[in-house]
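# Inside the fold
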Amino acid sequence: MSDEEHHFESSESGASKTYPQQAGNIRKGGHIVIKNRPCKVVEVSTSKTGKHGHAKCHFVAIDIFTAKKLEDIVPSSHNCDVPHVNRVDYQLIDITEDGFVSLLTDSGGTKDDLKLPTDDALTAQMRSGFDEGKDVVVSVMSSMGEEQICAVKEVGGGK
């Protein structure tokens, strides 16, 4: 045995960002990774090919963060990556001048690393509810190391 001490640095929990699933089992409304982006499947069509070929699945999906449309064709017997997608609700505490939001977590801490959403309607809804003194709850979607505010709802009356 050597006396050297090994030091391994890791910034992640070790949990995988994706899991494999057979292409033929992925349905409309599910999630899939296309071109390294987490996407929601909006259309699936399966084609039967020739005598010795594989049946192929044609996926049309929308990136859950950028809303870009992506397509992929995969043999139905092959595995595809499916992203782990989480959605968490937080209460809005503050909106800073530089476009960041301060959110209250369930444990009572704050989360200050998210920017206002790129969707102008969501941003306007957040600002108006916040300015009126209402309790604003935001839903944050996270997948593959990215996070983004995807929905806003107002609770309570305010001033």
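We now turn to the structure provided with this report. Note that this is a predicted model, so its numbers are computed, not measured.

### Comments concerning a negative patch on the surface
Judged by side-chain charge, Asp94, Glu97, Asp98 and Asp112 come together as a negatively charged surface patch. By secondary structure assignment, the location of Asp112 is in strand β9 (residues 110-115). Look at Asp112 and you get partly exposed, because its relative accessible area is 46%.

### Regarding the nonpolar core
Ranked by size, the top nonpolar core spans 14 residues in total, and within it Val101, Leu103, Met126, Val138 and Ile149 carry the most contacts. Counting 13 residues, the second largest nonpolar core, distinct from the first, contains Ile26, Cys39, Ala61 and Cys80.

### Describing the pattern of salt bridges
According to the stated counting rule, one finds seven salt bridges in the structure shown. Residues Glu147 and Lys111 are paired through a salt bridge, measuring 2.9 Å at the closest nitrogen-oxygen approach. Remark: Lys111 occurs in strand β9 and Glu147 occurs in strand β11 (residues 146-155); sequence separation between them is 36 residues. Close ionic contact of Lys134 with Glu132 constitutes a salt bridge, the shortest N to O distance being 3.1 Å.

### Thoughts on the sheet that holds strand β2 (residues 31-34)
Within the open sheet, the four strands sit side by side as β2-β3-β4-β5. Their pairing is antiparallel. The outermost strands of the open sheet, each flanked by one partner alone, are β2 and β5 (69-75). Strand-to-strand twist across the sheet, computed as the mean angle between neighbouring axes with direction ignored, equals 45°. Across four bridges, the pairing between β2 and strand β3 (residues 37-47) is antiparallel. What sits directly across from His31, in β3, is Lys40.

### Quick notes on the environment of Leu104
Considering the arrangement of structural elements, one finds Leu104 in strand β8 (residues 100-104). Taking relative accessible area as the criterion, Leu104 reaches 32% and is therefore assigned partly exposed. Between the alpha carbons of Leu104 and Leu92 there is a distance of 6.4 Å; along the sequence they are twelve residues apart. Contacts of Leu104, omitting those with residues within four sequence positions, involve Tyr90, Gln91, Ile93 and Gly109.

### Brief notes about the sheet that holds β9
By way of backbone hydrogen bonds, the strands of a sheet pair with one another, either parallel or antiparallel. Spatially, β9-β8-β7-β10-β11 is the arrangement adopted by the five strands of the open sheet, whose pairing is antiparallel. Each end of this open sheet is capped by a strand with a single partner; those strands are β9 and β11. When the angles between neighbouring strand axes are averaged without regard to direction, this sheet yields 40°. Set on the sheet, helix α1 (residues 120-131) makes contact with β7 (85-95), β8, β10 (135-143) and β11; between it and β11 the angle comes to about 45°.

Basis of the calculations
Residues numbered from 1 in each chain as written. Predicted model: local features only at pLDDT ≥ 70, side-chain atom pairs only at ≥ 80, totals over all residues. Heavy atoms only, no water. Patch = residues over 30% accessible without salt bridge, like charges linked within 9 Å, V, L, I, M, F, W, Y side chains within 5 Å. Areas by Shrake-Rupley, 256 points an atom, 1.4 Å probe, with all protein chains shown as cover. Salt bridge = Lys/Arg side-chain N within 4 Å of Asp/Glu carboxyl O. Lys, Arg positive; Asp, Glu negative; His and termini not counted. Charge placed at Lys NZ, Arg CZ, Asp CG, Glu CD. Helix = DSSP H or I, 4+ residues; strand = E, 2+ residues; numbered from the N terminus. Buried < 20%, exposed > 50% of the residue type's maximum accessible area, 1.4 Å probe, protein only. Core = buried A, V, L, I, M, F, W, Y, C linked by side-chain atoms within 4.5 Å. Pairing = 2+ DSSP bridges. Axes fitted to C-alpha atoms, helices over the stretch in contact; angles between N-to-C directions. Contact = heavy atoms within 4.5 Å.

These figures come from the coordinates and say nothing about function on their own.
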